[in-house]
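Structural overview for review
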Amino acid sequence: MAGTKRSHDGMEVNRPSSKSEPTSEQTSPFIPVFEFFRSELDEHHDRRERIIKVSRDVTAQSKKIIFALQRVRELGRPIQASISKQITPMHSTIQDLLQTIVPDLQGINAYRYRNNITGGIQEFMEAVIFQHYLTTQRVMTFEEAAAQLPEGLTLTYEDYVLGLFDTTGELMRFAITYMATNGRLPGSEMGSKSNILTDMQLLRSELEALDVGGSYGLSKDFWQKLRTTRASIEKVENGVYSMIVRGKERPKGWRPDVSLTDGPREADQVESY
Amino acid sequence: MTTPAPITTTTASSSPHVDPAIFSSLQTKIDEEQAIRDELRTHVDVLSKQGRLTQSILSRIHNTPTDQLEANVLTPCYDALSEQTKTVKELAESASKYPFYKWNSIWQRDIQTLISSMQLCDWLKSGNLLTLEEVGQRLNVPVNLKSEDAFHITVEDYLLALTSTIEELARLAPNAVTLGDYARPLQISKFIKDVHAGFQLLNLKNDILRRRADGVKYSVKKVEDVVYDLSLRGLIPKNNETG
């Protein structure tokens, strides 16, 4: 015992047959049971890795869809053909990707990999809620959103709400661009009582009214997301104000001044790409 | 000069575009979760309290001579464990109504502590490692469920518990010597090395289990050092061969 050769970390070094398994492995009575554990853990890790990969790919595709949707110039109409042609294949890619992990997320595993898939689902929610608003000027309900996922995947309300938060940032970007281009607020035509700003304001007050203390999944990100949403809505509010005050004075290519107040730092936290 | 007319706004709540029902039903879902969490918490709080008692009984192993272990530690420990088993039954009944992996973080820590106490207690009594199946049988709950969604003991729970058990035994090795039991470190050394060999078979990812399993080798070393000190001084009992 005393003369045992040790490697740097204090483990025994098996000099004579360094290629073969250490002797303790051959004699340990726990080898069979640990071999079983190994196969169980391997199965779990493989599944998790597949899901993580799909989540990343879904995120990337969803970002592309959102990016394309920011070129939409009208509200409450079907997506124009040129953009629709671009995003339709992306939507089917997402469906295909999600479909591949449906078997991995069945039964007891439905919630097991929640943390691994949540990123992709949230970004996808952001894309579909944004697209739905652009075409219908309505905020997609949870049930409608859940139907966007392939059968066998459950939408959690956390992913829906967090996706909805991020959508407000997209609505802000869309509204500002629209105002800069058309000199008016999207959704305000036809004597409509509400427009994108009132929708955003209402969305904000509804989100602010949620009591998320009881939700572990939400309470983590909620306040950060809410700050960002508030900043987005204020940007549109300021944009509308300056558009009305300065009106037709604006030169060609003018963009609404969104930083009316001495820019709160939160304003910079809106996700950009 | 023509300026655009002010944007007509109405009270926000009248917008037809944002259905308030979306948010009231969200709030309902959140409140339901809170109620579930409270229900599970009550069981876990009891389990946690009982677990602290079990742990305090087991911590006496470090200053109880081996020949008094049975009466002073193991018997009261098994009593405490059987109390915990009752709580686990209640927890399992509650928890099985809900998705296991949605909630298991609430009880994971206390269940792992409990499993570790069981492993330690059993090893001290018999020198054997309690298997995952035996843990399930004693607690009267399933283990390693793969499709049925119900309360159970996971492989990870069992393995994480085992790393704690190993640490506790590594602590016992020098303390046993202090109490005059020179055979104990050899017995512990053999066991820890066997378990360590098992852990080396696992393909671990960069997670909690890896960090804890990495710690097992320090326990191996710690106990080996004790054995080395004893053998150097000829203090190892003759009828015991080294592991």
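Just so you know, these numbers come straight off a predicted model, no measurement behind them. Chains are numbered independently. Their residues run from 1 in the order of the written sequence. Chain letters start at A and ligand numbers start at 1, both assigned in the order the entries are written. Residue-level local features of this predicted model are given only where pLDDT is at least 70; pairs of side-chain atoms are given and counted only at 80 or more, and the full residue set underlies all totals for whole chains, interfaces and linings.

**Observations regarding the overall build of chain A**
Summing up its helical and strand segments, chain A has nine helices and zero strands in all. Exposure is read from a count of other C-beta atoms within 10 Å of each residue's own; the residue is exposed at 12 or fewer, buried at 20 or more and partly exposed in between. C-beta atoms are placed from the backbone. Residue burial in chain A is summarised as follows: out of 273 residues, 38% are buried. Once local pairs closer than 6 in sequence are excluded, the contacts in chain A between residues at least 24 apart make up 70%. Comment: elements are numbered from the N terminus, with helices defined as DSSP H or I runs of at least four residues and strands as E runs of at least two. Note that contacts rest on C-beta atoms placed from the backbone: two residues are in contact if these are within 7 Å.

**Remarks on the overall build of chain B**
A tally of helices and strands in chain B yields eight helices and zero strands. Starting at the N terminus and walking to the C terminus, you meet the elements of chain B as α-α-α-α-α-α-α-α. Based on C-alpha atoms, the radius of gyration is set beside the globule rule, defined as 2.2 Å times the residue count to the power 0.38. In terms of C-alpha radius of gyration, chain B reaches 26 Å, well past the compact-globule figure of 18 Å for 243 residues. Reported as C-alpha extents along the three principal axes, the dimensions of chain B are approximately 105 × 45 × 35 Å. A buried classification covers 38% of the 243 residues belonging to chain B. Intrachain contacts of chain B at a sequence separation of at least 6 include 69% that bridge at least 24 residues.

**Focus: the domain arrangement of chain B**
All names here are of chain B. Here the limits of each domain have been adopted from an automatic or database domain assignment. Along its sequence, chain B is carved into domain 1 (28–153) and domain 2 (156–243). Relative placement of domain 1 and domain 2: their C-alpha centres are 23 Å apart. Counting residues at the interface gives 16 residues for domain 1, matched by 18 residues for domain 2. Counting only elements with at least two residues in the side of domain 1 that touches domain 2, the list comes to helix 4 (108–126) and helix 5 (132–139). Tallying contributions element by element places helix 4 first for the side of domain 1 that touches domain 2, with eight residues. When residues are grouped by polarity, Ala, Val, Leu, Ile, Met, Phe, Trp, Tyr, Cys and Pro land in nonpolar, Asp, Glu, Lys and Arg in charged, and all others, Gly among them, in polar. The residue makeup of the side of domain 1 that touches domain 2, split by class, is nine nonpolar, seven polar and no charged.

**Points about the environment of R138(B)**
All names here are of chain B. Locating R138 in the fold gives a position in helix 5. Between the alpha carbons of R138 and A197 there is a distance of 26 Å; along the sequence they are 59 residues apart. In this view, R138 contacts T85 and M118; residues no more than four positions away in its chain are not counted.

**Overview of the confidence of the model for chain A**
Per-residue confidence for chain A gives a mean pLDDT of 85; residues scoring 70 or more make up 79%. Here residues 1–22 of chain A scores under 50 on pLDDT; set against residues more than four positions off or in separate chains, the count is 22 contacts. Predictor confidence is given residue by residue as pLDDT, running from a minimum of 0 to a maximum of 100.

**Some words on the nonpolar core**
The term nonpolar core refers to a set of buried Ala, Val, Leu, Ile, Met, Phe, Trp, Tyr and Cys residues connected through C-beta atoms within 7 Å. Core analysis: the biggest nonpolar cluster contains 60 residues, and I129(A), V161(A), A175(A) and V236(A) have the highest contact counts within it. Elements with a minimum of two residues in this core: helix 2 (31–69), helix 3 (81–101), helix 4 (114–136), helix 5 (142–146), helix 6 (157–182), helix 7 (196–209) and helix 9 (222–246) of chain A together with helix 1 (20–58) of chain B. By residue number, the principal contributor to this core is helix 6 of chain A, which donates 13 residues. Not counting residues up to four positions away in its chain, the partners in contact with A175(A) are L185(A), P186(A), I196(A), L197(A), V236(A) and G239(A).

**Side note on the domain arrangement of chain A**
Residue and element names in this part refer to chain A. Each assigned domain of chain A is listed with its residue range as follows: domain 1 (41–150) and domain 2 (165–273). Contact with domain 1, which involves 14 residues of that partner, is made by 13 residues of domain 2. Looking at the side of domain 1 that touches domain 2, the elements with two or more residues in it are helix 2 and helix 4. Sorting elements by how many residues they give to the side of domain 1 that touches domain 2 places helix 4 first, with five residues. Broken down by class, the residue content of the side of domain 1 that touches domain 2 amounts to seven nonpolar, four polar and three charged.

**Structural notes on the packing of helix 1 of chain B against helix 2 (residues 69–95) of chain B**
All names here are of chain B. Orientation is described by lines fitted to C-alpha atoms, with helices fitted over the stretch in contact, and by angles between N-to-C directions that extend from 0 to 180 degrees. Running from amino to carboxyl end, helix 1 crosses helix 2 at an angle of 170°, the nearest separation of the two axes being 9 Å. Regarding the angle of helix 1 to helix 2, the classification is roughly antiparallel. A per-class count over the contact of helix 1 with helix 2 returns 15 nonpolar, seven polar and three charged. Here is the rule for angles: anything less than 35 degrees is roughly parallel, anything more than 145 is roughly antiparallel, 65 through 115 is roughly perpendicular, and the remaining ranges are oblique.

**Looking at the packing of helix 6 of chain A against helix 7 of chain A**
Residue and element names in this part refer to chain A. Put simply, helix 6 and helix 7 touch, their axes get as near as 11 Å, and they point 160° apart. Between helix 6 and helix 7, the interaxial angle falls into the category roughly antiparallel. Like other packed secondary-structure pairs, helix 6 and helix 7 cross with a definite hand, here left-handed. Within the contact between the two elements, helix 6 uses F165, T168, L171 and A175 and helix 7 uses I196, L197, M200, L203 and L207. Of the residues belonging to the contact of helix 6 with helix 7, the class tally is eight nonpolar, one polar and no charged. For a crossing to be left-handed, the near helix must be turned anticlockwise from the far one by less than a right angle; the clockwise case is right-handed.

**Observations regarding helix 4 of chain A**
In an α-helix, one turn spans 3.6 residues, which is why side chains three or four residues apart end up on the same side. Helix span, expected: 1.5 Å multiplied by one less than the number of residues in the helix. Here helix 4 of chain A contains 23 residues, and its C-alpha end-to-end distance of 30 Å stays within 8% of the 33 Å for a straight helix at 1.5 Å per residue. Burial within helix 4 of chain A is extensive, with 17 of its 23 residues counted as buried.

**Brief notes about the confidence of the model for chain B**
Residue and element names in this part refer to chain B. Scored by pLDDT, chain B comes out at a mean of 92, with 92% of its residues at no less than 70. The low-confidence segment residues 9–13 (pLDDT under 50) makes eight contacts with residues lying over four places distant or belonging to another chain. Reported confidences for the modelled complex are a pTM of 0.85 and an ipTM of 0.90.

**What to know about the environment of S242(A)**
Tracing the backbone through its elements, the reader meets S242(A) in helix 9. Spatially, the C-alpha atom of S242(A) lies 37 Å from that of T88(A), the residues being 154 residues apart in sequence.

**Considering the environment of S232(A)**
All names here are of chain A. The topology assignment puts S232 in helix 9. A residue is classified by how many C-beta atoms lie within 10 Å of it, and S232, with 28 of them, is buried. When the C-alpha positions of S232 and Q131 are compared, they lie 18 Å apart, and in sequence the two are 101 residues distant.

**Regarding helix 6 of chain A**
A rise of 1.5 Å per residue sets the reference length of helix 6 of chain A, with its 26 residues, at 38 Å; its end C-alpha atoms lie 36 Å apart and thus fit the reference within 8%. Two residues or fewer past helix 6 of chain A, G183(A) is found with a positive phi of approximately 70°.

**Quick notes on unusual backbone geometry**
Trans is the prevailing form of peptide bonds, just as negative phi is the prevailing case for residues other than glycine. Non-glycine residue Q137(A) carries a positive phi angle of around 55°. Not every positive phi belongs to a glycine, and N140(B) is a case in point at roughly 60°.

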